[in-house]
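Okay, here's what each chain looks like letter by letter:
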Amino acid sequence: MDTGLLKLGVNVDIQRTDGRIHSAVVSGINSDTRSVTVEWFERGETKGKEIEIDAIFQLNPEFLPPAARSSPENGNAVDNFRYIPKETPRNVKSQGVKPSYSRLPDDHSGGGGNIGCQPDLNNMDNLQGDRKKSNCVKEVEKIKQKRVERRAQQIALREQQEQDYDTSQPSWEFDAMIREFRKTLEYRPITNTDPIENHQICVCLRKRPLNRKEADRREIDVITVPNKDLVIVHEPKQKVDLTKYLENQSFRFDYSFDENSTNEMIYRYTAQPLVECTFAGGMATCFAYGQTGSGKTHTMGGDFSSKGKQDCTKGIYVLAASDVFKLLSSKYKKADLTVGASFFEIYSGKVFDLLNNKQKLRVLEDGKQQIQVVGLKEEEIQRVEDVLRLIQHGNNVRTSGVTSANNHSSRSHAVFQISLRKRGSRKLHGKFSLIDLAGNERGADTSSSDRQTRMEGAEINKSLLALKECIRALGRRGAHLPFRASKLTQVLRDSFIGENSRTCMISMISPGMSCCEHTLNTLRYADRVKELGPGGPVEGKPSDYSPTAGGGLSPQKSDLEVLRNANEGELSEEMFEFHEVISHMQEEEEAVIDEHREIVEQSYKWIDVDKKLLKMTDDVDYDVEAYAKQLESLLSKKIDAMVQLREKVKNLRQELQQEEFLSKNIKRMK
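The following refers to the structure shown. (Residues numbered from 1 in each chain as written. Predicted model: local features only at pLDDT ≥ 70, side-chain atom pairs only at ≥ 80, totals over all residues. Heavy atoms only, no water.)

What about the environment of tyrosine 525?
Turning to step 1, where the next piece is worked out: Tracing the backbone shows tyrosine 525 in helix H15 (residues 516-531).
Turning to step 2, where the next piece is worked out: Linking tyrosine 525 and leucine 465, residues 60 residues apart in sequence, is a C-alpha distance of 9.0 Å.
Turning to step 3, where the next piece is worked out: When residues no more than four places from it in sequence are discounted, the contact partners of tyrosine 525 are Tyr289, Leu464, Leu467, Lys468 and Met505.
Turning to step 4, where the next piece is worked out: Here the side chain of tyrosine 525 touches leucine 464 through a polar contact of 2.5 Å, landing on its backbone oxygen. (Helix = DSSP H or I, 4+ residues; strand = E, 2+ residues; numbered from the N terminus. Contact = heavy atoms within 4.5 Å. Polar contact = N/O pair within 3.5 Å; in protein donor to acceptor, adjacent residues only side chain to side chain.)

Remarks on the sheet that holds strand S7 (residues 230-238)
Turning to step 1, where the next piece is worked out: The strand order across the open sheet built from 3 strands is S6-S7-S8, with neighbouring strands paired in antiparallel fashion. The open sheet has two free edges, formed respectively by strand S6 (223-227) and strand S8 (244-252), since each of these has just one partner strand. Averaged over all pairs of adjacent strands, the angle between their axes in this sheet comes to 25°, without regard to strand direction.
Turning to step 2, where the next piece is worked out: In this sheet, S7 lies alongside S6 in antiparallel orientation, the contact comprising 3 bridges. Bridge assignment links threonine 224 to a residue of S7, and that residue is isoleucine 232.
Turning to step 3, where the next piece is worked out: Packed onto the sheet, helix H6 (residues 172-182) meets S6, S7 and S8 and runs at close to 45° relative to S8. (Pairing = 2+ DSSP bridges. Axes fitted to C-alpha atoms, helices over the stretch in contact; angles between N-to-C directions.)

Overview of the pairing of strand S10 (residues 283-290)
Turning to step 1, where the next piece is worked out: Most of S10 sits out of view: 8 of its 8 residues are buried.
Turning to step 2, where the next piece is worked out: Bridge count for S10 against strand S21 (residues 428-436) is 6 bridges, and the pairing is parallel. Counterpart to alanine 288 in the pairing with S21 is aspartate 436.
Turning to step 3, where the next piece is worked out: Here S10 runs beside strand S22 (residues 501-509); their pairing, made up of 8 bridges, is parallel. (Buried < 20%, exposed > 50% of the residue type's maximum accessible area, 1.4 Å probe, protein only.)

Considerations on the pattern of salt bridges
Turning to step 1, where the next piece is worked out: Within this structure, the stated rule accounts for 36 salt bridges.
Turning to step 2, where the next piece is worked out: Across the pair glutamate 180 and lysine 183 runs a salt bridge whose closest N-O atoms are separated by 3.3 Å.
Turning to step 3, where the next piece is worked out: For lysine 183, a relative accessible area of 61% puts it in the exposed group.
Turning to step 4, where the next piece is worked out: Arginine 389 is the salt-bridge partner of glutamate 379, the closest N and O atoms lying 3.7 Å from each other. One end of the pair, glutamate 379, is in strand S17 (residues 379-380); the other, arginine 389, is in helix H12 (residues 384-397), with 10 residues separating them in the sequence.
Turning to step 5, where the next piece is worked out: What makes glutamate 379 buried here is its relative accessible area of 18%.
Turning to step 6, where the next piece is worked out: Taking relative accessible area as the criterion, arginine 389 reaches 43% and is therefore assigned partly exposed. (Salt bridge = Lys/Arg side-chain N within 4 Å of Asp/Glu carboxyl O.)

Pasting the structure below:
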C-alpha cells in the first residue's frame, strides 16, 4: 500500500471525536489495516489513537502520494485547501497541547489568500461525512448489530413458545425440554400380549398418573416409560448461572408399567405367576414398595374413594385369591388342600393381628430355628367373598395417618398371607405372602422430636435395608440371610429360603416434579435389589456375607453388622449405632413387659397365700413362728421379683436416654 509522504515522526493534523483538530506525531504505520498510530501530549500525559490513513489524507492532503494528487478523482484534493504555515512550538510540554493549524479553502471570488484560524463550515460538514469509520467503531457497531439480532431472535422464540406452551405454568421451561426429549424416543409400552417371563426375583415398576392435588398445583410429569422394561427420570437441574437443564436418568427392570396400566395388567405379570408356585409347595412373596401416595395400597388392596372406603375387588389381594380358588377347583382338585388367610401389620417393630382386634403378637424362634408368630389368627376361607371381608376389615383397623402426600397414609407394613394346608393334618403345603410396605420416605424421620416418629422411621429404614439384603441373598444361593435384623424379615424368613421360593417387588413411583427425589430413591433401591438377583453378584461386591463377621455378637447384632457392611454408603456409623440402640431398647421393652405381666399373674397367687396366712391368725392357738416364717418367705419372693423388675425398668430408661442422645446427634449432623 502506498502511504504517500507519511513517515514515522512527522506531524499531522487529527480530528477528535468532539470535533477538535490538533497536531499529533505519527508513531506507527500499519499497511495491512491501512491505519496509522498517532500520539500527542495533553494535560501532562501522552495519549494516542489509531486512525485510518484515508482520514489522515483528508485532513493532511500534502501527504498524499504525487500520483493521487494529479489523478482525476483526487485532482481537487490540494486545490480545495490552502495551507497555513506551521510553527514549531518552543516548549511543547509547557503548552500542554501542540498547536493546531486549520486550513481554509481558497477564495475563488478573488482577493488573494487570506489566512484564518477557522475552517470553512460548509466544507467541514462534507469533510466529516466523507471520513471513514475506524476499526474500533466498526467492531462496536458489529457487536451492537449482533445484539439487536439476538434480541430479535429471543423475542421471536418467546412468542413461539407462548403459542406452543402455557408459559404461565411455574415450570414450563422444564416441561418444554421434556416434551422435546420425548419426541426423540420410540414408544413401545407393555401390552397384555407380551410374553410372561419366569424369574425367581422379579422387580417391576409402576408409574401412577398425576393426582388431583398435583394437577391443582400444575405440576409437570417428569417420568417417561417408553417401553416394557425402561423408565426415564427427567430430573430438573439449575446451573450456577441460573441456566435450567435436565438430567435424564435411565433405569431398567423386568417390567415397566406406565400410568395407563390397570391393576389387572400389573397382576398378570407380577403376582399371577407366583400363585401356581404355592400349589407346587413353594413360598411366594409379592411386595409393593414406594413413597407415601405412590399407589401401593391402591395396587395391593384396590381403589380408594375416601378414607376407610376401598373397592377391594380390583386389588392384587383379591385377584390372587380368585386364582387360588380357580386352580383349587380345577387343576389341583385332587390335592385335597384347604385355604386359610391371615392379615397382620408390623408397626414400629411390633406385630399386631388385624383380624383379632389388633392383638399384639410375639415372634419367636423355636428349637428347629423356625419362626413362629404366636397367637396369629388364621381363618379358613371358602370363596373370594371371604377374602374381601377380611381385607376390608383389616384395612379399616390398619395404622394410618394424614400426610401432605395422602390423607390415608400407611404407617405400617401390612402382610396378607394365603396358606395352603393338607386337609386333616393341617400341614403347611405352600404360602403366598402379599405385603403392602410403609412409605419409604418415613425411614428418614429418625431425627424427629417425637420418639414414636423416630422409632417408626428407624424400624422402616432398618426393615427395608434388611428386606433388600434378604432378597439379594435369595439370588445368591447359600449366602447368609440376615433375617433377624428386622421383624418384617423375621416373619417372612421361610419366603427367602429354598429353591422353590420366588419373590416379586413392585416399585411404585409418583410422576410429579415435587416427588422427584423420592422417586429416584425408590428406583435406586429397586435397582440394587435386582443387580444382585439371579444374574449373580456385581463385580467388586462379595457374593457371600459371613454371619461370623461380628465375632461374639448376638444373632441380631450380627445381622445388623451384615447390613452395615453391605450398605456402607446408606448406613453410616452413627445410624448403625442408632439402630443398635433401638433394637436393644425394643428387647429391653419386651423383657420389662414380660416380667411385669408375670408379676401381675403371680400377684393373684400371692393374694391367695396372703389370705391363707391371715386366716391362720384367726385361730386362738395358731403357730406364730410358722406364720412369720411363711410371711417372710412370701415377702422375699415379692421383693426379689420387684427388685428384678425395677432393674429392668432402670435399664430401659437408660436405653431411652441413649436413644434420645443419639437422635439429637444425628439431627445436628444433618
